[in-house]
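Examination of the molecular architecture
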Amino acid sequence: MAWVLLVVAGLLEVGWSVGMKYSEGFTRPVPSVLTGAGIVASMVLLSYAARTLPIGTAYGVWVGIGAAGAAVLGMVVFGEPVTAARIFFVCLLLVAVVGLKATGSH
């Protein structure tokens, strides 16, 4: 169950990081409130997952999902550059996330 919570927390991190773009520096009320709620929910779920998972693994996976997801959405939604190097490094992030899961104690 901790892994499920952690993956959901990571996906929420993707959501709130993209939400910051839409909040325009927290000047738009609705995107700002949704972003804030996403931040809180993501942190709460991370904290629940960290009760049973090693914190280094939990945090690393959470950050990895968030960073990879935000990078992919940046390229797909916001038209950020899609280069071989960027795709390689996003894949490297995903390999690190899988590696942390595979070597975790749970």
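Please refer to the structure higher up on the page.
Given the structure is predicted, the values throughout are model-derived calculations rather than measurements. (Residues numbered from 1 in each chain as written. Predicted model: local features only at pLDDT ≥ 70, side-chain atom pairs only at ≥ 80, totals over all residues. Heavy atoms only, no water.)

Turning our eyes to something else, we now look at the packing of aromatic side chains. Counted by the stated rule, this structure contains three aromatic pairs. With 5.5 Å between their ring centres and 50 degrees between their planes, tyrosine 22 and phenylalanine 78 make a pair best called tilted. Taken together, the positions of tyrosine 22 in helix α1 (residues 2-23) and phenylalanine 78 in the loop between α3 (55-77) and α4 (84-103) put the pair 56 residues apart, joining distant regions of the chain. On the basis of relative accessible area, tyrosine 22 is assigned to the partly exposed category, the value being 41%. Ring geometry for phenylalanine 88 versus phenylalanine 89: centroids 5.0 Å apart, planes at 75 degrees, classification edge-to-face. The exposure class assigned to phenylalanine 88 is partly exposed, which follows from its relative accessible area of 47%. The ring of phenylalanine 78 has lysine 21 sitting right over it, with the charged end atom 5.5 Å from the ring centre. The ring of tryptophan 3 carries lysine 101 above its face, with NZ or CZ at 4.7 Å from the centroid. (Phe/Tyr/Trp six-rings, centres within 6.5 Å; stacked < 30°, edge-to-face > 60°. Helix = DSSP H or I, 4+ residues; strand = E, 2+ residues; numbered from the N terminus. Buried < 20%, exposed > 50% of the residue type's maximum accessible area, 1.4 Å probe, protein only. Lys NZ or Arg CZ within 6 Å of the ring centre and 35° of its normal.)

Next up on the list: the packing of α1 against α3. As a packed pair, α1 and α3 sit with axes 8 Å apart at the nearest point and diverge in direction by 40 degrees. As far as their axial angle goes, α3 and α1 are oblique. For the element pair α1 and α3, the recorded crossing hand is right-handed. Contact residues: α1 offers Trp3, Leu6, Val7, Ala9, Gly10, Leu11, Glu13, Val14, Ser17, Val18 and Tyr22, while α3 offers Thr57, Ala58, Val61, Trp62, Val63, Ile65, Gly66, Gly69, Ala70, Leu73 and Val77. A per-class count over the contact of α1 with α3 returns 16 nonpolar, five polar and one charged. (Axes fitted to C-alpha atoms, helices over the stretch in contact; angles between N-to-C directions. Parallel < 35°, antiparallel > 145°, perpendicular 65-115°, else oblique. Left-handed = near helix turned anticlockwise from the far one by under 90°. Contact = heavy atoms within 4.5 Å. Nonpolar A, V, L, I, M, F, W, Y, C, P; charged D, E, K, R; others polar.)

Take α1 next. Compared with the 32 Å implied by 1.5 Å per residue over 22 residues, the 30 Å span of α1 between its first and last C-alpha is a close match. Within α1, the full set of buried residues consists of Ala2, Trp3, Leu6, Ala9, Gly10, Glu13, Val14, Trp16, Val18, Gly19 and Ser23. Tucked inside the fold, the buried residues of α1 contact α2 (29-49), α3 and α4. Count one or two residues on from α1 and you reach glutamate 24, which has phi positive near 50 degrees. (Expected span 1.5 Å × (residues − 1).)

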